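Fold and contact review
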Amino acid sequence: MNKAIIAYIVSAATLIVAVWLGVSIGTVKIPVQTFWDSSDTTASNILWKIRMPRVILAGLVGASLAISGAAFQGLLKNPLADPYTLGVSSGASVGAVVTLFFGLSIPILGTYTLPVFSMAGAAVTMFLVISFAKLVDRSMKMETIILTGIIFGSFLGSVLSLMIALTGEELRQIISWLLGSVSMRGWNYILMVLPFVVIGSFILWLNRRELNAMLFGEERAHHLGVNVKRRKIMILLGGSILTGSAVAVSGTIGFVGLVVPHMTRLMWGSDHRHLLTLSFMNGASLLIICDLIARTIISPTELPVGVITAFIGAPVFAYIFYRQRRKGAM
């Protein structure tokens, strides 16, 4: 059987299992027949009003961050690139918190004001990181881009802290939001983020072959007929849309965009025709499982899901960095 087909089957099966575990496990166990039998009103309400929207939202956020990370890593030819390490998540958070801080609401956008401003923050940060890295080092080495992302992420983190300190009690809930959570969001959040997930993912998927060409270098990609500058803008735009919309509904959740594409690449190869879709599916599975752990490990108290992803992602980040440095030394 074709390796790609096996990869899709395994990823789809993992996602189905993750969804089932996410909706069935908790303080109240949900039996499988609740999906088609609503005679148990309590179980049915928990399933369709609490668990299912939470699981779907976690899946959409995880998928968005993972496919963005895969695209950024392919574009920059850098396994350490992801929305979190590049500072894009911090930029999206600043856009979202500024919206809440000033109570901004644009009549034309309505409920979409928050994700739009969050996406704008992500896009501006991505542009500044790449521009500054290129200014410092024309070759844009891996270390330069990562350090630039850390610098901008730290600065934007300070901006967030300042806004929270100035508001006092009014935005105290923002602190828990910034740690990353999909708790008690509901179906309206899914409807708010879904259009942006579809649009951003479609933009990246359209550039899957161009990402493959860019793995050989921009000059080679240009000789192969790729409009490198336009494709770069499209990929950065798609990644910013996905990151901004994810942060707008869940807060800052780190390392999903780093861990998932890297592990998927190790298991199934680096062909972006498959890597993007497989990362999308595996990112959804990972964040659903992480959210399940976050709400059950010290039940009835819930941990922010960002704490769980950081526990997983930080050691993986260290391993990838060590491996890249060893490879460079050799």
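In this text the structure is predicted, and so the values were computed from the model without any measurement.

The helix and strand tally for the protein stands at 13 helices and zero strands. The N-to-C order of helical and strand elements in the protein reads α-α-α-α-α-α-α-α-α-α-α-α-α. The C-alpha radius of gyration of the protein comes to 20 Å, within 12% of the 20 Å expected for a compact globule of 330 residues. With respect to the principal axes defined by its C-alpha atoms, the protein has extents near 65 × 60 × 40 Å. With 330 residues in all, the protein has 51% of them scored as buried. Within the protein, counting contacts between residues at least 6 apart in sequence, those at least 24 apart form 75% of the total. Taking the average place of the 25 positive charges on the side chains of the protein and the average place of its 13 negative ones, the gap between the two points comes to 8 Å.

Scanning all chains against the criterion turns up six aromatic pairs. Considering the side-chain rings of Tyr112 and Phe196, the 5.7 Å spacing of their centres and the 75° angle between planes classify their relative orientation as edge-to-face. Taken together, the positions of Tyr112 in the loop between helix H3 (88-101) and helix H4 (113-136) and Phe196 in helix H7 (residues 187-206) put the pair 84 residues apart, joining distant regions of the chain. Given the relative accessible area of 30%, Tyr112 is considered partly exposed. Both rings, one in Phe202 and one in Trp205, keep their centres 6.3 Å apart while their planes meet at 25°; by these two values the pair is stacked. One end of the pair is Phe202 and the other is Trp205, both in helix H7 and three residues apart, which spans about a single turn. One aromatic cluster in this structure is built from Trp20, Phe35 and Trp48. Stacked on the ring of Trp205, the Lys or Arg Arg208 has its end atom at 3.8 Å from the ring centre.

Here we take up the confidence of the model for the protein. Looking at the protein as a whole, its pLDDT mean stands at 86, while 95% of the residues score no less than 70. Confidence scores differ between elements of the protein, with helix H6 (residues 172-178) showing the lowest mean pLDDT of 67 and helix H12 (residues 272-296) the highest of 95.

Rules of the game
- Residues numbered from 1 in each chain as written.
- Predicted model: local features only at pLDDT ≥ 70, side-chain atom pairs only at ≥ 80, totals over all residues.
- Heavy atoms only, no water.
- Helix = DSSP H or I, 4+ residues; strand = E, 2+ residues; numbered from the N terminus.
- Rg over C-alpha atoms; globule rule 2.2 N^0.38 Å.
- Buried < 20%, exposed > 50% of the residue type's maximum accessible area, 1.4 Å probe, protein only.
- Contact = heavy atoms within 4.5 Å.
- Lys, Arg positive; Asp, Glu negative; His and termini not counted.
- Charge placed at Lys NZ, Arg CZ, Asp CG, Glu CD.
- Phe/Tyr/Trp six-rings, centres within 6.5 Å; stacked < 30°, edge-to-face > 60°.
- Lys NZ or Arg CZ within 6 Å of the ring centre and 35° of its normal.
- pLDDT = per-residue confidence, 0-100.

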